[in-house]
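The residues making up each chain are set out below.
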Amino acid sequence: MTIVNSEQAEYWQSEAGRKWITYQAAFDTLLSGALEACVEVARPEPGETVLDVGCGTGASTLALASKVGPQGHVTGLDISSLLLDHARSRSDAPNVEFVQADAQVHTPRRSFDLLFSRFGVMFFEDPVAAFANLRDAIKPGGRLAMICWQGMPDNPWFQIPFAAAVERLGRPSPLPENAPGPTAFKDVERVTGILTEAGWADARGARTEVDLIPPQELSDAADFAATIGPASRTLSEKNGTEADRAAIVEAIMRAFEDYRTPAGLRVPGRFVIYTARKG
């Protein structure tokens, strides 16, 4: 197995990957609306083959498998064996397989009708090379559908914990613009340009808003938000103490009060769904 995104491979084998396993159920619920929105756009049909890139702990792969049915097939691809071991533990369905590989260079054993990703494609070292390689795995006329985050200021789920951590500890060191990470594909023009340069046709990005469903107790939601994402990074970089973390969680709780609705705690999530086809 060839790995060119070595930093990402190491990252997802570390504590970051273990957090996604520990909080798998919470993540699946949090992102359920976003996954549903992208599946609706992707339109997987019974009997189709799907490549699910950056499948993580498997929620998207299993959702797609239910759509293509027993005559179809879904390959969940991820760079982390840690996450894939957990994904495999969730299903032994014959129309599902999980493969550890670097999507930027991996050559799958089969060809696919659909390239899909739920928040799994924003981490490539060379995104043009990655999407050109992935295009080679798609059948002529096949299609792409992937959902990515808009920027941090547009997403309270990121912005609130970040602001709370900065107020307590100061700003962390800035990341390079468009560095691999959750919001790296926020710029529609840039990403459609990447897809076009990689050989995809009719590349488009549609901004959409879907509610996130965090844990329903404010304290649990705030603790979850402080554990994964910009608050966690800031705490680590600034050597934050347990008292610092507790203060940040308390600030997140106060801010999340604004997102109580008759349906429960809901935080607006703002995304871009990208589509393209192989001409």
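Rules used throughout
- Residues numbered from 1 in each chain as written.
- Predicted model: local features only at pLDDT ≥ 70, side-chain atom pairs only at ≥ 80, totals over all residues.
- Heavy atoms only, no water.
- Pairing = 2+ DSSP bridges.
- Helix = DSSP H or I, 4+ residues; strand = E, 2+ residues; numbered from the N terminus.
- Axes fitted to C-alpha atoms, helices over the stretch in contact; angles between N-to-C directions.
- Contact = heavy atoms within 4.5 Å.
- Salt bridge = Lys/Arg side-chain N within 4 Å of Asp/Glu carboxyl O.
- Buried < 20%, exposed > 50% of the residue type's maximum accessible area, 1.4 Å probe, protein only.
- Core = buried A, V, L, I, M, F, W, Y, C linked by side-chain atoms within 4.5 Å.

Participant: Please set out the sheet that holds strand S5 (residues 138-149) residue by residue, giving values where relevant.
Facilitator: Spatially, the 7 strands line up as an open sheet ordered S3-S2-S1-S4-S5-S9-S6, and their pairing is mixed. Taken across any chain shown, the strands that pair with only one partner, and hence form the sheet edges, are strand S3 (96-100) and strand S6 (201-212). Adjacent strand axes in the sheet meet at a mean angle of 20° when their direction is disregarded. In this sheet, strand S2 (residues 73-78) lies alongside strand S1 (residues 49-53) in parallel orientation, the contact comprising 5 bridges. Bridge assignment links Asp52 to a residue of S2, and that residue is Gly76. Most of the contacts of helix H4 (residues 32-42) go to strand S4 (residues 112-118), to which it runs at about 155°, and overall it touches S4, S5, S6 and strand S9 (267-277). Against the sheet, helix H8 (residues 156-169) engages S5, S6 and S9, with an angle of about 130° to S9.

Participant: Give me the pattern of salt bridges: which residues, what numbers.
Facilitator: This structure, assessed with the given rule, holds 13 salt bridges. The salt bridge partner of Lys186 is Glu177, with a shortest N-O separation of 3.6 Å. A relative accessible area of 63% places Glu177 in the exposed class. Residue Glu257 is joined to Arg260 by a salt bridge in which the shortest nitrogen-to-oxygen separation is 3.0 Å. Overall, the relative accessible area of 40% leaves Glu257 in the partly exposed class.

Participant: Go over the nonpolar core, please, and point to the residues and values.
Facilitator: Membership of the largest hydrophobic core comes to 82 residues, with the highest contact counts inside it found for Phe131, Met146 and Phe185. The greatest single-element share of this core, amounting to 7 residues, is contributed by S5. Non-local contacts of Phe185, meaning those with residues more than four positions away in its chain, are made with Val121, Met122, Pro127, Phe131, Met146, Cys148, Trp149, Arg190, Val191, Ile194 and Tyr274.

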